[in-house]
Structure formats: structure tokens, C-alpha cells
Amino acid sequence: MNDVDSLRTLLTPEGRALLDEVRDTDPAQELAVATRLRRTHPAELVSAALGQARLRQRAVAKFGAADAGRMFFTPNGVEQSTRASVAAYRAERFAALGVTSVADLCCGIGGDALALARAGIRVLAVDRDPLTCEAARANAEALGLAGLIEVREADVTEVDTAGYDAVFVDPARRSSRRGRIFDPEAYAPPLSWAVGAARTASRAAALKVAPGIPHEAVPEDAEAEWVSDGGDVKEAVLWFGTGAPAGAVRATLLPGPRTLPGAGLPDPEVRTPGRYLYEPDGAVIRAHLVAEVAEQVGGGLLDATIAYVTADGLRPTPYATAYEITDRLPFHVKRLKALLRERGVGTLTVKKRGSAVEPEELRRKVKPQGPNAATVFLTRVAGAPTMLIGHPVR
Ligand SMILES: C[S@@+](CC[C@H](N)C(=O)[O-])C[C@H]1O[C@@H](n2cnc3c(N)ncnc32)[C@H](O)[C@@H]1O
């Protein structure tokens, strides 16, 4: 049986019943469960169900238990799909631009297509992989969105998108031979193709790219948005047709959304360390908007090359975590160890920028003991290796 047939057997009443039965199988018990089920079910169906249950468990982090427990995945599909929170945010942005139909070129198992449909948008979901299309179709059905999603097995470069308001492209950025792909021209399809497709869209377009994309690779007519969720940077998106001026950048933090638009500020001044250190969110740093955060908190940089902001006052901002700094000393392991002992610090969070020290190794060397918690920043202050010790301001 090929993979498509195997997925189809899971969609039959017997397959669905078996999927329910193996839903919470502990991986350690899988062999015993498989042996027992094979007495009453075909062996291939049993292994397909157990494999799918494993994929669903992995997908919970992205899709939540309720949806992941009903959806169908492929191993690549779980890895490459957009998490529901990020896809929902993008779908809302499309809807706010007045988009009512989207050609989702490179739909995968449907992470984005499902979110677009949930925002009331009609979707043409295209992928060239037959198994992936089968999963996308099953997902549209499972979540009650089949009326809004047409899944088409095709090469995206051959699809006519003329009947759609918008185009969304999420190219494959992994290769089985080379792992993660960094060069945007090595994406499948290449970024230059996706940009061409975006420019033909009648109302708007969005291209999902790796957050590490160099700013120089962003086309002049695109707005670049970096998105983080729970503090982790998830993706960058190149938007077309948003009405934003050429070269616009923004950082969006989820949950929220909270969006910080770039104001084109020059790099912040380097200044002497103040009482507070602000650690900007990763999306802010990737979007090169540290100056915007420094302005919000009335601060400057500790070092010209490092994205830590220092300020005298506490001005809460969603775009950075504030720490009150109690000690500043040159980097020295024994002095840190003595200071932590004196303060009874048993829980030590190590953060670093511009230091080659390994946090785990440092923690091993200083052996924190005691009831208190502290954060140490290993960084440079005006070029000198420095330790700043403090705690997050709640
Ligand atoms: C990153 S995944 C898309 C994930 C999707 N946005 C989601 O959230 O589930 C990229 C997909 O592009 C598909 N793909 C790559 N090149 C393609 C092409 N030329 N035509 C159609 N699909 C293609 C791959 O099969 C893969 O499923």
C-alpha cells in the first residue's frame, strides 16, 4: 500500500475508530498495543494509525490538542506547517486588507489554508505532493472548512491565480539532503519566483521566509514583518499591497498581536549602564528596531554592536523584558561565584550577547546554591567583557 492509500484507510470508519483507540498510546507501550491490535485489524492499518497518533501528539504544540487530535499529518507536514497562532494572525491581516479569496501556493497539510478559511476567506490550496494534498483535504474536512478550501495537486508555477484577491506563498525551506536552507534562491520554489507571483496579485500578497533573511534580500516594494510567539521568533513575512511605504519594517509579537512599526531611527547612542536593562524581543532585534525600543524607554546601548538597551528609568514596553540591575563587574568566574554565594542564589538564569562563555559550563562552575534567584547577563559594556546581575521586573 502506498502512503496515500495508507492515509485513505485512516479516513474509513474502521480507520477512524482505530485512531480513536490509539489516541493516547504511550510510545513505550506502542509495540504491545500494535501486537494486540494486529489480532483484529490489518497490520498496515495498525501501523498507519499508530504513526498518525504519534504525529498528532507532535502537532499539539502547533495546533492545540483539540485540532491536532482531529487533523491528519505527514512527518514533513508537522515540521513545516505554520503554527495556528501565527497563521491566524496572518489570516486576520489579509482579512483586514479586504481580501476575501487567497491562492495559497505551497499549502502543505494546510496550516495556513485552515486559518484563512476560519477568517472567512475562500482558499485555493495548492501543493505538488499527493500525500500532502490528501492530508490537506482531510484537514479541511475534519475542521468543517471544506466548503471554503479547494485543494489542488499541482506545481504552483503552473497555477493561474487570476481569480483570487491575494497570493500567499510558503516555500519549502528544507531539503532531505541539505537540511535547513538559508539561501532564499534555494527555496522550493525560489524566492524570486514567489516575488514575481506576489506582484501579480490583484489586492495583496504575503511570502513567508526564514527570520534570518538578510534585510538586503527584501524587495524594495515589500513590507517586511518579523513575527514572534511567546518570545520565540517564528518567521519573517514579505507583504505586498499593504499600503505601507517602500522599505517598511515591523515587528509583531504574539499573543496580542502587538506591532511595533519601524520609524527609521538611527542607531541608539552608547551610554553608561543605568539601573535597568531591557532585552528586546527577538522579532524586534531581527527587524532592526532596537532603536525604536530604546526611544520608548529613554535608553541607549551598552555596546554599539549588542542589542541590550540600558536606561535609568522603568518604562514598561511589550517589546522588551526589563531587568533591574543590582551589580556590574568585569567578567570573572570566581567573583561571580562569591557574589552568588553571598546572595544565596540557587537559581541562576544565564543570558548572553557578545560573549563566548557557555551558560551551562558557567552554571557548573559557579554551583549556585540557596533560596534566591538571579539573572546574569554576560555581555560587553563599551567593548569590555562584563557581568550584569539582576532580576526581571514583574
Ligand atoms: C513549508 S511547506 C508549506 C506549509 C504550509 N504553509 C502549512 O502551514 O501547512 C512547503 C510546501 O511546498 C510544497 N512545494 C514546494 N515546491 C512546490 C511547487 N513547485 N509546487 C507545489 N508545491 C510545492 C512542498 O510540497 C511543501 O508541502
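Residues numbered from 1 in each chain as written. Predicted model: local features only at pLDDT ≥ 70, side-chain atom pairs only at ≥ 80, totals over all residues. Heavy atoms only, no water.

(A) Focus on the sheet that holds strand β10 (residues 249–254). In spatial order, the strands read β3-β2-β1-β4-β7-β9-β8-β10-β11; together these 9 strands make up an open sheet with mixed pairing. Both outer strands of the open sheet, β3 (149–153) and β11 (258–261), are each paired with one neighbouring strand and no more. If you compare each strand with its neighbour and ignore which way they point, the axes differ by 20° on average. For strand β8 (residues 223–229) and strand β9 (residues 232–240), the ladder comprises 7 bridges, and the chain directions are antiparallel. Bridge pairing in β9 links A224 to L238. Where helix α9 (residues 191–200) meets the sheet, its contacts fall on β1 (101–105), β4 (166–169), β7 (204–209) and β9, and the angle it forms with β7 comes to roughly 165°. (Pairing = 2+ DSSP bridges. Helix = DSSP H or I, 4+ residues; strand = E, 2+ residues; numbered from the N terminus. Axes fitted to C-alpha atoms, helices over the stretch in contact; angles between N-to-C directions. Contact = heavy atoms within 4.5 Å.)

(B) Quick peek at the site of the ligand. Surrounding the ligand, one finds 22 residues, the nearest of these being T82, D112, D127, V156 and D170. A distance of 2.9 Å separates a nitrogen atom of the ligand from a polar atom in the backbone of V156. About the coverage of the ligand: the protein hides 93% of its 610 Å² of free accessible area. Looking at side-chain class alone, the shell around the ligand contains 9 nonpolar, 7 polar and 6 charged residues. (Near = heavy atom within 4 Å. Polar contact = N/O pair within 3.5 Å; in protein donor to acceptor, adjacent residues only side chain to side chain. Areas by Shrake-Rupley, 256 points an atom, 1.4 Å probe, with all protein chains shown as cover. Nonpolar A, V, L, I, M, F, W, Y, C, P; charged D, E, K, R; others polar.)

(C) Structural view of the side chain of K208. Looking at the element boundaries, K208 is found in strand β7. Judged by its relative accessible area of 5%, K208 is buried. A polar side-chain atom of K208 sits 2.8 Å from a polar atom in the side chain of T82. Apart from residues lying up to four places away in sequence, K208 is in contact with Q80, S81, T82, R90, F168, V169, D170, P171, R173, E235 and A236. (Buried < 20%, exposed > 50% of the residue type's maximum accessible area, 1.4 Å probe, protein only.)

(D) Spotlight on the sheet that holds strand β14 (residues 309–311). With mixed pairing, 7 strands are arranged side by side in an open sheet as β13-β14-β12-β15-β18-β17-β16. Sheet topology places β13 (300–301) and β16 (345–352) at the edges, where each strand pairs with a single neighbour. Of the pairings in the sheet, the one linking β16 to strand β17 (residues 372–381) comprises 7 bridges and is parallel in character. The partner of T347 across the bridge, within β17, is A373. Its contacts with the sheet place helix α11 (residues 290–297) against β12 (276–280), β13, β14 and β15 (320–330), and it is angled at close to 10° to β14.

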